[in-house]
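A look at the structure
Residue-level listing of the chains:
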Amino acid sequence: QVTLVESGGGLVQAGDSLRLSCAASGGTFSRISMAWFRQAPGKEREFAAGISWTGDNTYYADSVKGRFTISRDNAKNTVYLRMNSLKLEDTAVYFCAGRYYSGVYSRPADYNYWGQGTQVTVSS
């Protein structure tokens, strides 16, 4: 069983940067493709970014492309989401998710493991 714990959320102003972390335990992290999803109030959970288990491939939603960067450190069993130029519409609960030995998928249903989420609030 893989446990994922997010951290790094908070209240920031528009234009600021933030880095989220997701620490994994209980599994073989280097074999798990990881993704960040986000869910704003009243909206469905949506894909933000993903990275393959090899680390060779990264994918981004159009809404965050060029502003967010996903990365992983297998030695620390951690995946990161660097968020720059934050906008009001980036306000959401951010979740990390994982799936063994796969490519990166954009549907929440494709992931087996989830963290509890971390709140990101962007103010004007």
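Right above here is the structure, for reference.
Below, the structure is looked at part by part. All figures in this text were calculated on a predicted structure; none of them were measured in a lab.

Before going further, it helps to examine the sheet that holds strand β1 (residues 3-7). On the basis of which strands lie adjacent, the open sheet formed by four strands has the order β1-β3-β8-β7 and antiparallel pairing. Only two strands of the sheet have a single partner each, and these edge strands are β1 and β7 (68-73). Averaged over all adjacent pairs, the angle separating strand axes in this sheet is 15°, with direction ignored. In this structure, strand β3 (residues 18-25) lies alongside strand β8 (residues 78-83), joined through six bridges in antiparallel fashion. Among the inter-strand pairings, R19 is bridged to a residue of β8, identified as R82.

Here we come to the environment of Q39. Take Q39: it is sitting in strand β4 (residues 32-39). In this structure Q39 comes out as partly exposed when scored by relative accessible area, which is 26%. Expressed as a C-alpha distance, the spacing of Q39 and E6, which sit 33 residues apart in the sequence, is 14 Å. Among all residues touching Q39, those that are not within four sequence positions of it are E44, R45, A92, V93 and F95. At 3.2 Å, the side chain of Q39 and the side chain of R45 are in polar contact.

Residues in a regular strand project their side chains so that they alternate between the two faces of the sheet. In terms of burial, strand β5 (residues 46-51) is a largely internal element, five of the six residues being buried. Across five bridges, β4 lies against β5 in antiparallel orientation. Residue pairing for β5: M34 is matched across the bridge by I51. Where β4 folds back onto β5 in an antiparallel hairpin, the turn is made up of six residues, including G42, whose phi is positive at roughly 75°. Linking β5 back to strand β6 (residues 58-60) in an antiparallel pair, the connection comprises six residues, with G55 at a positive phi of about 80°.

Parameters at a glance
- Residues numbered from 1 in each chain as written.
- Predicted model: local features only at pLDDT ≥ 70, side-chain atom pairs only at ≥ 80, totals over all residues.
- Heavy atoms only, no water.
- Pairing = 2+ DSSP bridges.
- Helix = DSSP H or I, 4+ residues; strand = E, 2+ residues; numbered from the N terminus.
- Axes fitted to C-alpha atoms, helices over the stretch in contact; angles between N-to-C directions.
- Buried < 20%, exposed > 50% of the residue type's maximum accessible area, 1.4 Å probe, protein only.
- Contact = heavy atoms within 4.5 Å.
- Polar contact = N/O pair within 3.5 Å; in protein donor to acceptor, adjacent residues only side chain to side chain.

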